[in-house]
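# Coordinate analysis (summary)
Each chain, letter by letter, is given below.
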Amino acid sequence: WELNGSFYQPSAFLMMGIPGLEALHPWISIPFCALYLTALLGNCVILFIIRKTQSLHEPMYYFLSMLAVTDLGLALCTLPTTLGLFWFNVRRIGFDACLTQMYFIHILSFIESSVLLAMAFDRFIAISHPLRHPSILTKTTVLKIGLAIVLRGVVSLLPIPFLLKRLTYCGKTELSHSFCFHPDIMNLACADIKVNVFYGMIILLSTVGMDFIFIVVSYILIIRTVVSLTTREECLKALNTCVSHICAVLVFFIPMIGLSMIHRFGKNVPPLVNTLVAYTYLTIPPALNPVIYSIKSTHIREALLRALRRKRG
């Protein structure tokens, strides 16, 4: 402990694995290794294919590249502590290291939410105004959107580590997960956390909450446009371009909303449920997104097959 008058701060926190299944952690690590491997390889392949295929140099795939980079970051943020705990039972994480990991996890989550919104906007423009799509979403515009997304995440979350460092901690230092999460750290404090709760809620609602609302609005407008199409084939073709994005939105937002609700209102939720939702939120989207886009996107699939044929040849 670090003592400064009446101010106490732990030198480290203790991470938790899956409650009640500690003896099985080496076996549980196997599916986690598979998910992390899929996330790392899948997203690297997506980035490589888009970079090497000239026909994929368009807004939809630029945003997909941003999503892949974000998913790589999320996987790399939690991989060391999660596998370190499952393989070697390394539970200790330094206070500042924990705040750093938490900051990047939340930044990358917010960035992913914003990228999914940008992709929804891209689909709306492509379906509703196909002729104007190239002139609206130019390379410069896409770059500006990407920079704005990163800047919003970095600036909006910058006060969070400082709000946590000002708190006094005492007694329990065990986290609920094998990674650091803002509500989890905040609830270990024995000081008034109203500012942290209020700021966290405002930032969550004004970023991820607004992103989700605008994504829903985008799809309402897309459906209105699709319904007005003359033939059933055109309607199905337009909707088919959105399937991958809809899957990515559901895979990301459902566990994220569930985890946020559990940490804020689910005091009586079993620890195992809390843990499973948290791991679903941080490991499933990075692993599934490249699989979803590889299966559903004909252009990605064809480019991947061409690359494999060239390698064999």
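Residues numbered from 1 in each chain as written. Predicted model: local features only at pLDDT ≥ 70, side-chain atom pairs only at ≥ 80, totals over all residues. Heavy atoms only, no water.

## Here we look at the packing of helix 8 (residues 194–227) against helix 10 (residues 243–265)
Close contact between helix 8 and helix 10 brings their axes to 12 Å; oriented N to C, the two are set at 150°. In this view, helix 8 runs roughly antiparallel relative to helix 10, as classed from their interaxial angle. Crossing angle aside, the handedness with which helix 8 passes helix 10 is left-handed. Contacts from Gly200, Met201, Leu204, Val208, Phe212, Ile215 and Tyr219 in helix 8 reach His245, Ile246, Val249, Phe253, Met256, Ser260, Arg264 and Phe265 in helix 10. A class-by-class count of the residues in the contact of helix 8 with helix 10 yields 11 nonpolar, 3 polar and 1 charged. (Axes fitted to C-alpha atoms, helices over the stretch in contact; angles between N-to-C directions. Helix = DSSP H or I, 4+ residues; strand = E, 2+ residues; numbered from the N terminus. Parallel < 35°, antiparallel > 145°, perpendicular 65-115°, else oblique. Left-handed = near helix turned anticlockwise from the far one by under 90°. Contact = heavy atoms within 4.5 Å. Nonpolar A, V, L, I, M, F, W, Y, C, P; charged D, E, K, R; others polar.)

## Quick word on unusual backbone geometry
Only a minority of non-glycine residues have a phi that is not negative, and only a minority of peptide bonds are not trans. Despite not being glycine, Asn89 shows a phi value in the positive range, around 55°. Its place among the elements puts Asn89 in the loop between helix 2 (59–88) and strand 4 (92–94).

## Overview of the nonpolar core
Ranked by internal contacts, the top residues of the largest apolar core, which has 87 residues, are Phe13, Leu64, Leu116, Leu164, Tyr169, Leu175 and Ile185. Top contributing element to this core by residue count: helix 3 (residues 95–128), with 18 residues. Excluding residues within four positions of it along the chain, Leu64 makes contact with Ile46, Ile50, Met119, Tyr293 and Ile300. (Core = buried A, V, L, I, M, F, W, Y, C linked by side-chain atoms within 4.5 Å. Buried < 20%, exposed > 50% of the residue type's maximum accessible area, 1.4 Å probe, protein only.)

## A closer look at the UniProt feature "transmembrane region" (unreviewed entry) in the chain
Look at the UniProt record and you will see "transmembrane region" (unreviewed entry) annotated at residues 24–50, 62–88, 100–121, 142–164, 197–222 and 242–262. The distance from the first to the last C-alpha atom of residues 62–88 is 39 Å, and the span holds 100% helix and 0% strand. As a span, residues 100–121 carries 100% helix and 0% strand, and end to end its C-alpha atoms are 32 Å apart. (UniProt positions renumbered as here; feature names shortened; annotations may be inferred.)

## Observations concerning the state of the cysteines
Evaluation of the coordinates by the stated rule reveals 2 disulfides. Here Cys98 pairs with Cys180 through a disulfide, and the sulfurs are 1.9 Å apart. Since a negative S-S torsion denotes a left-handed disulfide, the Cys98-Cys180 link at about -120° is left-handed. Within this pair, whereas Cys98 is found in helix 3, its partner Cys180 is found in the loop between helix 6 (159–165) and helix 7 (182–186), the two being separated by 82 residues in sequence. What makes Cys98 buried here is its relative accessible area of 0%. A sulfur-sulfur distance of 2.2 Å marks the disulfide that ties Cys170 to Cys190. Taken together, the positions of Cys170 in the loop between helix 6 and helix 7 and Cys190 in the loop between helix 7 and helix 8 put the pair 20 residues apart, joining distant regions of the chain. Since its relative accessible area comes to 35%, Cys170 is described here as partly exposed. Indicated for the chain is the disulfide connectivity 1-3, 2-4, based on numbering the bonded cysteines in sequence order. Here Cys44 is not disulfide-linked; the sulfur of Cys77 is the nearest cysteine sulfur, at 15 Å. (Disulfide = S-S within 2.5 Å.)

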